[in-house]
Amino acid sequence: MNKAFTKETDGDEDDDLPQPAGIPAGSKNYITPAGYARLRAELMHLIDVERPQIVDIVHWAASNGDRSENGDYLYGKKRLREIDRRIRFLTKRLEIAEVVDASLHQGSDQVFFGATVTYIDDLDDTERTVTIMGIDEADNAQQQISWVSPVARAIVKAREGDEVTLQTPAGVRTLEIIAVRYPAPPKP
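Cut-offs applied
Residues numbered from 1 in each chain as written. Predicted model: local features only at pLDDT ≥ 70, side-chain atom pairs only at ≥ 80, totals over all residues. Heavy atoms only, no water. Axes fitted to C-alpha atoms, helices over the stretch in contact; angles between N-to-C directions. Helix = DSSP H or I, 4+ residues; strand = E, 2+ residues; numbered from the N terminus. Parallel < 35°, antiparallel > 145°, perpendicular 65-115°, else oblique. Left-handed = near helix turned anticlockwise from the far one by under 90°. Nonpolar A, V, L, I, M, F, W, Y, C, P; charged D, E, K, R; others polar. Pairing = 2+ DSSP bridges. Phe/Tyr/Trp six-rings, centres within 6.5 Å; stacked < 30°, edge-to-face > 60°. Buried < 20%, exposed > 50% of the residue type's maximum accessible area, 1.4 Å probe, protein only.

K.L.:
How would you explain the packing of helix H1 (residues 33–62) against helix H2 (residues 71–95) if you had to name every residue and give the values?
P.N.:
At a closest axis distance of 9 Å, the pairing of H1 and H2 adopts a crossing angle of 155°. As judged from the angle between their axes, H1 and H2 are roughly antiparallel. Here H1 and H2 pass one another in a crossing that is left-handed. Classifying every residue of the contact of H1 with H2 by side-chain character gives 18 nonpolar, two polar and nine charged.

So this is what it looks like as structure tokens:
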């Protein structure tokens, strides 16, 4: 098929990019120093290692002739678009990132970003421990929740011993804050 009749775009297609999920309009993307370092390392790896490798593969595959049936060329172009899309996403996230050192609150009993909070849920009287993290670094499997999650929004600014209400689709729940901890400051 003639290339004139195929749809191949290399433009900036941000329509399929995940938008900054849950970040309130005009807010920063709060993130821990470790989370920021991980995102930056991924961005640098994509720019310095992966993208140049794929560009070399695409260049080599293009020099082999017919591109319409060349798997290396087609896959390489697709992978290059994926890498470029991820680079744009990471760049935007890092531009709005606000690095917050949670250790500055060490010794405080009030809940802020970066706190590890133990609370009791009145629904089933279970004790849960969560750490409030940035959107791009929270991992539910590790008991880390995003600072924009409903639970985090309910407990932020509460103190040990406080009871806060959490609106859920199943109704209102009460969470009692048992303990608040922060990471130790980094050693100089």
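K.L.:
Give me the sheet that holds strand E6 (residues 163–168): which residues, what numbers.
P.N.:
Pairing in this open sheet of five strands is mixed, and the strands run E5-E4-E3-E7-E6 from one edge to the other. One side of each edge strand has no neighbouring strand; the edge strands of this open sheet are strand E5 (144–146) and E6. Across the sheet, the mean angle separating the axes of adjacent strands is 45° when strand polarity is ignored. Examined bridge by bridge, strand E3 (residues 116–121) and strand E7 (residues 171–181) share six bridges and lie antiparallel to one another. Across the sheet, the residue bridging to Asp121 is Leu175, located in E7.

K.L.:
An account of the packing of aromatic side chains is requested, with residue identities and associated values reported.
P.N.:
In this structure the tally under the stated criterion is two aromatic pairs. Judged by centre distance (4.9 Å) and plane angle (80°), the rings of Tyr30 and Trp147 are edge-to-face. Placement of Tyr30 in strand E1 (residues 29–31) and of Trp147 in the loop between E5 and helix H3 (150–155) is noted, with a sequence separation of 117 residues between them. You can call Tyr30 partly exposed: its relative accessible area is 30%. The buried category is assigned to Trp147, whose relative accessible area is 15%. Aromatic ring contacts, followed pair by pair, group Tyr30, Phe113 and Trp147 into a single cluster.

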